[in-house]
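Structural overview for review
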Amino acid sequence: MKPFAELLAGWEKKNQTRMPESLQALKQTGREQFFRQGLPTRRHEAWRFTDIEQISEIDWRAAAAPPLTGAIDLLRPLTYWDSDAFRLVFVNGRLNPEWSTRRTDIKGLRLTTAAEILQGNGKAAWQQHLGRIADSAEFPFTSLNTALFEQGAFIEVESGVELSRPIHLYYVSVGDGAAAVHPRNLFVLGPSSRTTIVETFIGLGGYLTNHVSEWLLHDNAAVDHYKVQREALSAFHVSRTAVHQQANSRYQCHVFSFGSRLERTDLTVTLDGAEVETGLDGLYLAQSGQWIDHHTLLHHQQPHGNSRQLYKGILTGEGGAVFNGRIKVSADAQKTDALQSNKNLLLSDGATVHAQPQLEISADDVRCTHGGTVGQLDPEALFYLQTRGLSRKDAVGLLVHAFAGEIVDRIRTPILRGQVETWVHEFLQRETE
Amino acid sequence: MLVIDRLHASVEGNKILKGISLHILPGEVHAIMGPNGSGKSTLAQVLTGRPEYTVTAGSVHFQGKDLLAMAPEERAREGLFLAFQYPVEIPGVNTSYFLHTALNEVRRHRGLPPMSAGDFIKWIREKAAGVEMDSSFLNRSVNEGFSGGEKKRNEVLQMAVLEPRLAVLDETDSGLDIDALKIVAQGVNRLRRRENSFLVITHYQRLLNYIVPDVVHVLYDGRIVKTGGKELALDLEAHGYDEIKTQQSLRPS
Ligand SMILES: Nc1ncnc2c1ncn2[C@@H]1O[C@H](COP(=O)(O)OP(=O)(O)OP(=O)(O)O)[C@@H](O)[C@H]1O
Ligand SMILES: [Mg+2]
């Protein structure tokens, strides 16, 4: 049987609702496209190193509503859970109104949920943008999400608005081994707006998250985007973030991969305007039983774009990671300044990393540099610290925190930074026990 | 304090130390001189437990305990300190934070309560002033981007903070201007007590004007070939190692 076939068949029945026609058409296209594409295999260039056979083998069903006590127990310990953020909580794909902030609470912010749109009630500018930013031609999972999404947040920040509170989106999943959720988000950030958005993925048990977020930054908009992947260690996390930037906008993202048995994230940024700034920070940790795959594409299309990318990985046991960083510079994108760096720290002999930078440059007056390292802790530094009285374990900890610090220190929200530091610490504790 | 008995050590199969015996009493300052490549740093590294160096024969006792059986950090906690000839740069590790952790490890080993962050700041500022190091260095990464002289000063600062029983200084005077040299010497002299000892590796008699040694040894080709009082250093400064080298080449092997 084809994977997801039953789910997709079920969708046809649901399609009898008040769903707007344009959305029906979009979903139909996604469905057809997915059937054409099928799930990727390692024969596909973009999936060469990541085997998703385990995903294809499971007969995925829509996640059932979980016991809410289990879900809240996952959220409460987060240091930033109780902050003054504007909060939206999705549990197994369903918006939980009790834990979410009332939406009238913030001026300049317009929110519609995907569920409302499916009911024909949404007022957001989704029609112009949904499915246009995240093209699905080469992304079967995006097609699948388009066909199947039932929940997510469509958020618009109005022109000139500087949100004083960050927006926190939580995706909590409690799975039985075959539960699939397909969250879908759209962020439209108005001209000269300022926003901070934190997406947190957390869960328990076995499940699949197939997430798609589309981002449009109008002229001069600036956003700090944090994506925190802290899924259950028996979960699959497939994720797509597609960003479209207009002139003078600034997109800064901070991606953290701490959980899941298998993550595949595709982050695509199109710099479609002059003087755009893009910053991509990533930190991934993988222990035995974890495989983390980050594919990024920065497409410079207009002059004077500036992109800075730094992805760092820490691997232990038999952990594995893939970093594929592609930078495309179109002929028009003169004076592009692109800098990419990927650094990996292997704490064991069994860990694996595949690092592939790819530069495709069609303009002549540009500065593009990339560098990558795969290495171990500096034995000289370890020894030096030990000669001052630190145990080997503490010395390793200090050096690993220093390695991660380059990314962690750039988290601008202190409570989030504290949480990430704790996770790095816990990861090391597990490792060195 | 330190008893080295016929110590042999090799690195990557090369025999570097070929039977060193040395006896340092509490309160004594010993100097080791000797031409380049004779094994001075190797001796220092073997004492601190560098894993690349293999001890093939002999023994080392530190305050009556078998030093060679201890991990590097245990040696440090027991009160052994090495000021490195080439201090390591450690990006991202804050100097003050690291030293606070180190000091509390040493204190715990000595049965003392941990020093609070507030007390430590006062303590380390005082020590930094003692080696005329600006306290802004304390918030920088360990040795990262420090000049050669600043790195050496940082070694002396760490020594002052950790208050070792035996400090080994490996060419801490090399590359220092005359003022810095005096500061380093002051750092050592401030720690000089009846129970603390020093092993000072140097090429220059100059340092020994400020840190007056009780005993001077000459290390040549992995052996101590001459031992004398502080006047031996003056003699070497005047005549070099030629005489020793000639004598050694005539030595029956
Ligand atoms: N890792 C190593 N592999 C091979 N040989 C080594 C290694 N480390 C040191 N040696 C050799 O051991 C010998 C002694 O070196 P050591 O650094 O102890 O000399 P030193 O007396 O401190 O010299 P200097 O006065 O130049 O500092 C040298 O010949 C050196 O090349
Ligand atoms: Mg030396």
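Residues numbered from 1 in each chain as written. Chains lettered and ligands numbered in written order. Predicted model: local features only at pLDDT ≥ 70, side-chain atom pairs only at ≥ 80, totals over all residues. Heavy atoms only, no water.

Within chain A one finds 10 helices and 19 strands. Taking 2.2 N^0.38 as the reference for a compact globule, 433 residues should give roughly 22 Å; the C-alpha atoms of chain A span a radius of gyration of 21 Å, in line with that estimate. Here the C-alpha coordinates of chain A stretch approximately 70 × 50 × 45 Å along the principal axes. Of all 433 residues assigned to chain A, the portion counted as buried reaches 59%. Considering only contacts in chain A between residues 6 or more positions apart, those separated by 24 or more positions represent 85%. Roughly 16700 Å² of accessible area belongs to chain A as shown, and the carbon and sulfur atoms make up 47% of that amount. (Helix = DSSP H or I, 4+ residues; strand = E, 2+ residues; numbered from the N terminus. Rg over C-alpha atoms; globule rule 2.2 N^0.38 Å. Buried < 20%, exposed > 50% of the residue type's maximum accessible area, 1.4 Å probe, protein only. Contact = heavy atoms within 4.5 Å. Areas by Shrake-Rupley, 256 points an atom, 1.4 Å probe, with all protein chains shown as cover.)

Looking now at the domain arrangement of chain A. All names here are of chain A. Domains assigned within chain A are domain 1 (2-272) and domain 2 (378-433). A C-alpha centroid distance of 31 Å is found between domain 1 and domain 2. In this complex, domain 1 contributes 14 residues to the contact, which on the side of domain 2 involves 12 residues. With both sides pooled, the region where domain 1 packs onto domain 2 buries about 1200 Å², and carbon together with sulfur makes up 68% of that total. At the surface where domain 1 touches domain 2, the tally comes to 2 salt bridges. Close ionic contact of Arg230 with Glu426 constitutes a salt bridge, the shortest N to O distance being 3.6 Å. Viewed at the interface, domain 2 and domain 1 are joined by 3 residue pairs in polar contact (both at pLDDT 80 or more). Residue assignment for the side of domain 1 that touches domain 2 shows that the elements contributing at least two residues are strand 9 (222-230) and strand 11 (250-257). (Domains from an automatic or database assignment. Buried area = accessible area lost by both parts, 1.4 Å probe. Salt bridge = Lys/Arg side-chain N within 4 Å of Asp/Glu carboxyl O. Polar contact = N/O pair within 3.5 Å; in protein donor to acceptor, adjacent residues only side chain to side chain.)

Time to look at the pairing of strand 10 (residues 197-201) of chain B. Residue and element names in this part refer to chain B. Of all 5 residues in strand 10, 5 are buried; the element is thus mostly enclosed. Neither face of strand 10 is exposed, since Ser197, Leu199 and Ile201 on one face and Phe198 and Val200 on the opposite face are all buried. Where strand 3 (residues 29-33) lies against strand 10, 4 bridges are found, and the strand directions are parallel. In the sheet register, Ala31 faces strand 10, and the bridge partner there is Val200. In this structure, strand 9 (residues 166-170) lies alongside strand 10, joined through 5 bridges in parallel fashion. Note that in strand 10 the partner of Val168 across the bridge is Leu199. On the question of chirality, the crossover connecting strand 9 to the parallel strand 10 by way of helix 6 (residues 178-191) is right-handed. (Pairing = 2+ DSSP bridges. Right-handed = clockwise from strand over helix to strand, strands pointing away.)

With that settled, the discussion passes to the interface of chain A and chain B. Each partner contributes residues to the interface: chain A has 17 residues there, and chain B has 31 residues. Of the roughly 1800 Å² buried between chain A and chain B, counting both surfaces, carbon and sulfur atoms make up 67%. Three residues, Phe383(A), Tyr384(A) and Arg388(A), lead the burial of chain A against chain B; their summed loss comes to 42% of the area buried on that side. The shortest N-O distance in the salt bridge between Glu380(A) and Arg50(B) comes to 2.8 Å. For the pair chain A and chain B, the number of links is 9 residue pairs in polar contact (both at pLDDT 80 or more). Counting only elements with at least two residues in the side of chain A that touches chain B, the list comes to helix 8 (379-386) and helix 9 (392-408) of chain A. Ranked by residues supplied to the side of chain A that touches chain B, first place goes to helix 8 of chain A with 6 residues. Looking at the side of chain A that touches chain B, its residues break down into 8 nonpolar, 4 polar and 5 charged. (Nonpolar A, V, L, I, M, F, W, Y, C, P; charged D, E, K, R; others polar.)

Moving on, we come to the nonpolar core. Counting 114 residues, the largest nonpolar core has Leu75(A), Leu283(A) and Leu47(B) as the members making the most contacts within it. Among all residues touching Leu283(A), those that are not within four sequence positions of it are Val255(A), Phe256(A), Ser257(A), Phe258(A), Lys312(A), Ile314(A), Ala404(A), Ile407(A), Val408(A) and Val424(A). Phe86(A), Leu217(A), Leu346(A) and Ala351(A) belong to the second largest nonpolar core, which has 48 residues in total. (Core = buried A, V, L, I, M, F, W, Y, C linked by side-chain atoms within 4.5 Å.)

With that out of the way, let us pick up the domain arrangement of chain B. All names here are of chain B. Here the domain parsing of chain B yields domain 1 (1-79 + 166-174 + 197-241) and domain 2 (81-163). Relative placement of domain 1 and domain 2: their C-alpha centres are 24 Å apart. Residue-level contacts link 18 residues of domain 1 with 12 residues of domain 2. Taking both sides of the interface into account, the surface hidden between domain 1 and domain 2 amounts to around 1300 Å²; carbon and sulfur atoms contribute 53%. When the area that domain 1 buries against domain 2 is broken down by residue, the three leading residues are Arg77, Asp170 and Thr172, summing to 40%. Where domain 1 packs against domain 2, one counts 1 salt bridge. A salt bridge links Arg77 to Glu105, with the nearest nitrogen and oxygen atoms 3.4 Å apart. Connecting domain 1 to domain 2 are 10 residue pairs in polar contact (both at pLDDT 80 or more). Among the elements of the structure, helix 1 (40-48), helix 2 (72-78) and strand 9 are those that each provide at least two residues to the side of domain 1 that touches domain 2. Sorting elements by how many residues they give to the side of domain 1 that touches domain 2 places strand 9 first, with 5 residues. Split into classes, the residues belonging to the side of domain 1 that touches domain 2 amount to 7 nonpolar, 6 polar and 5 charged.

This part is about the site of ligand 1. Residues and elements named next belong to chain B. Taken together, 15 residues form the shell around ligand 1, and within it Gly37, Lys40, Ser41, Thr42 and His203 come nearest. Calculation on ligand 1 without its partners gives an accessible area of 640 Å², and the protein chains cover 66% of this total. Looking at the shell around ligand 1 element by element, the count peaks at 3 residues for helix 1. Taken together, the residues that form the shell around ligand 1 break down as 3 nonpolar, 9 polar and 3 charged. (Near = heavy atom within 4 Å.)

Residues and elements named next belong to chain B. With respect to the element layout, His100 can be found in helix 3 (residues 95-109). For His100, a relative accessible area of 16% puts it in the buried group. Ignoring sequence-local partners within four residues, the contact set of His100 consists of Met115, Ser116, Ala117 and Phe120.

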